[in-house]
Every structure is written in structure tokens, then in C-alpha cells.
Amino acid sequence: DTAVSQTPKYLVTQMGNDKSIKCEQNLGHDTMYWYKQDSKKFLKIMFSYNNKELIINETVPNRFSPKSPDKAHLNLHINSLELGDSAVYFCASSLRAGTSGADTQYFGPGTRLTVL
Amino acid sequence: RKEVEQDPGPFNVPEGATVAFNCTYSNSASQSFFWYRQDCRKEPKLLMSVYSSGNEDGRFTAQLNRASQYISLLIRDSKLSDSATYLCVVNIRNTDKLIFGTGTRLQVFP
């Protein structure tokens, strides 16, 4: 009965490869997010979708492309992986958008990506 | 300058001690404030929201000073299980973005 789940948990790959991370939430939330936590533990938002619509798109290389097939899923595809992409990627969800962030965000367990 | 600044620590305290963490934020349009907790190699989880009048949840007390753009978290009677990284989090008005500090690490020892 995991609320926010991500797959895979660990991902080790070579530079230049393309990979995807999947996220699903069963909380009935409208809004989902992708965050990146780097080696210095700094957690930074990358994207946010509200009911399949992109609402936040931070300054992220266009090698990163989020896709939301429905409001319960938000996947992250990364093309041409680089060494600097190594990090932990967290998916999160919250009840709704447009409430100025007042709703709690629930995080998935994270995907630890290592690019060799 | 980072938008949300915290002392990274670590704070090493004995069980039963009282410990306080501080956080400053730079954006005056910040509207909502939170403390999240992150255990080693785990996801962040909401610890508590921070209200203008200050609020308490058991051993945890949060304070907000809007004039000084300063947030604090006080933990009384520390337990071993309180060992974690505490993240100060700010939401900017009219956005859904949460801005995270880099966290303050707490280690409680027996």
C-alpha cells in the first residue's frame, strides 16, 4: 500500500545512455513533482505536473523530459546521460496545485542514479 | 546566496538534551514554511508546518519571525530516533514550488 512508489530504486549506467524512471502515486493527488538531490544533499525541484499538465519547469537541460500519462503517474526520461546526472531523484505528490504549496508533499523512496 | 540557509552541522547531542536549529530565507514573498525530516538514504517527510504564531507538536516547537526572515526548530528531550537531517522548507507565494535548505544534521548519542 505504498503511497508514492518509484522504479527502479537503483540505476547504474554508462555515459551516453538513455534511461527512464517511473513514479506512481495511489493517493488520488492531482500534482506530482520530480526533485534531484545531489551529492551535497541539496534537494532541488525539476518539474511539476498538475493533472497531466506541466506547471513547473525549472532550468533543467532538455535531455530531461517528464511525461505524465495520467495524474497518478509521472515518469522521467533522461537522454544522453552525463556524469553530472548522478544523484538521487525523488518523485513527490501533493493533493492539488494552486494552493500556494500549502498541501503537504509526499515523497517516493528515491532512485539512486549512478552514471559511469 | 542560497534562498534558504541552514547550518549543516552536525549537531552531536546526548539523549535528553534540548537542541535548536535555525534557518534564514531570502525571498520576502515566502508564504508557507515547513520542517521536513530526512533519514539517511531515505526520502524527506514532513515533520511540521510552521505558523506565524509559533506551534508545538509534542517535543518539537517551531517559530517563525517574518520580519527577520528566520525560522527555528526546537527539539526537547532528544531521543536516539531523532537522529536525522532536518530540512527547512519555504514555499513562495502563488507558486507550488518548495525551496529546500541543505539541511542540518542531528546525531543523538546515548
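Quantities reported herein were computed from a predicted structural model and do not represent experimental measurements. (Residues numbered from 1 in each chain as written. Chains lettered and ligands numbered in written order. Predicted model: local features only at pLDDT ≥ 70, side-chain atom pairs only at ≥ 80, totals over all residues. Heavy atoms only, no water.)

Asker: I would appreciate a short explanation of the interface of chain A and chain B in the present structure.
Answerer: It is common to report an interface's size as the accessible area lost on association of the parts. Listed per partner, the contact involves 25 residues of chain A and 19 residues of chain B. With both chains or domains summed, chain A and chain B bury close to 1,800 Å², and 52% of this area falls on carbon and sulfur atoms. With its nearest N and O atoms 3.4 Å apart, the salt bridge here joins E58 of chain A to K97 of chain B. Here chain A is connected to chain B by three residue pairs in polar contact (both at pLDDT 80 or more). The dominant element in the side of chain A that touches chain B, judged by the number of residues it contributes, is strand β4 (residues 31–37) of chain A, at three residues. Along the lines of polarity and charge, the residues of the side of chain A that touches chain B split into 13 nonpolar, eight polar and four charged. (Contact = heavy atoms within 4.5 Å. Buried area = accessible area lost by both parts, 1.4 Å probe. Salt bridge = Lys/Arg side-chain N within 4 Å of Asp/Glu carboxyl O. Polar contact = N/O pair within 3.5 Å; in protein donor to acceptor, adjacent residues only side chain to side chain. Helix = DSSP H or I, 4+ residues; strand = E, 2+ residues; numbered from the N terminus. Nonpolar A, V, L, I, M, F, W, Y, C, P; charged D, E, K, R; others polar.)

Asker: Looking at this structure, I do not really get the layout of surface pockets. What am I missing?
Answerer: Regions of empty space are outlined by a rolling probe, equal in size to a water molecule, passed over the atoms. Each pocket or cavity is described by its volume, and for the largest pocket that value is around 700 Å³. Lining the largest pocket are 34 residues, with K41 and R112 of chain A together with D39, C40 and R41 of chain B positioned closest to its centre. Going through the elements one at a time, β9 (87–94) and β11 (111–115) of chain A together with β9 (84–92) and β11 (104–109) of chain B are the ones with two or more residues in the lining of the largest pocket. A per-class count over the lining of the largest pocket returns eleven nonpolar, 13 polar and ten charged. In this model, the second largest pocket occupies a volume close to 200 Å³. If one sorts the elements of the lining of the second largest pocket by residue count, strand β5 (residues 43–50) of chain A sits on top with three residues. Class assignment of the residues belonging to the lining of the second largest pocket gives a composition of six nonpolar, one polar and six charged. (1 Å grid on protein atoms, 1.4 Å probe; cavity = no way out; pocket = protein on both sides within 12 Å on 5 of 7 lines; lining within 4 Å. Points joined across faces, edges and corners; volume = space filled by probe spheres on them.)

Asker: How should the packing of aromatic side chains be read in this particular structure?
Answerer: When we look at a pair of aromatic rings, we describe it by the centre distance and by the angle of the planes. Counted under the stated rule, the structure contains twelve aromatic pairs over all chains. Three or more aromatic residues link up through ring pairs in this structure, and these residues are Y33, Y35, F90 and F107 of chain A together with F34, Y36 and F100 of chain B. (Phe/Tyr/Trp six-rings, centres within 6.5 Å; stacked < 30°, edge-to-face > 60°.)

Asker: I would appreciate a short explanation of the pairing of strand β4 (residues 30–38) of chain B in the present structure.
Answerer: Regular strands place their side chains on alternate faces of the sheet. All names here are of chain B. Of all nine residues making up β4, eight are buried, and the element is well covered by its neighbours. Of the pairings in the sheet, the one linking β4 to β9 comprises eight bridges and is antiparallel in character. Paired with Q38 across the strands is T85, a residue of β9. Hairpin connection of β4 to strand β5 (residues 44–50): five residues between the antiparallel strands, including R41 at a positive phi of 60 degrees. (Buried < 20%, exposed > 50% of the residue type's maximum accessible area, 1.4 Å probe, protein only. Pairing = 2+ DSSP bridges.)

Asker: Is there a simple way to think about the sheet that holds strand β1 (residues 4–7) of chain A in this case?
Answerer: Strand pairing in a sheet relies on backbone hydrogen bonds. The paired strands run either parallel or antiparallel. Residue and element names in this part refer to chain A. The four strands are arranged β1-β3-β8-β7 in an open sheet whose pairing can be described as antiparallel. In this open sheet, the two strands that pair with only one neighbour each are β1 and β7 (64–70). Sheet twist, expressed as the average angle between the axes of neighbouring strands with direction ignored, equals 20 degrees. Sheet analysis places strand β3 (residues 19–25) next to strand β8 (residues 73–78), joined by four bridges and oriented antiparallel. (Axes fitted to C-alpha atoms, helices over the stretch in contact; angles between N-to-C directions.)

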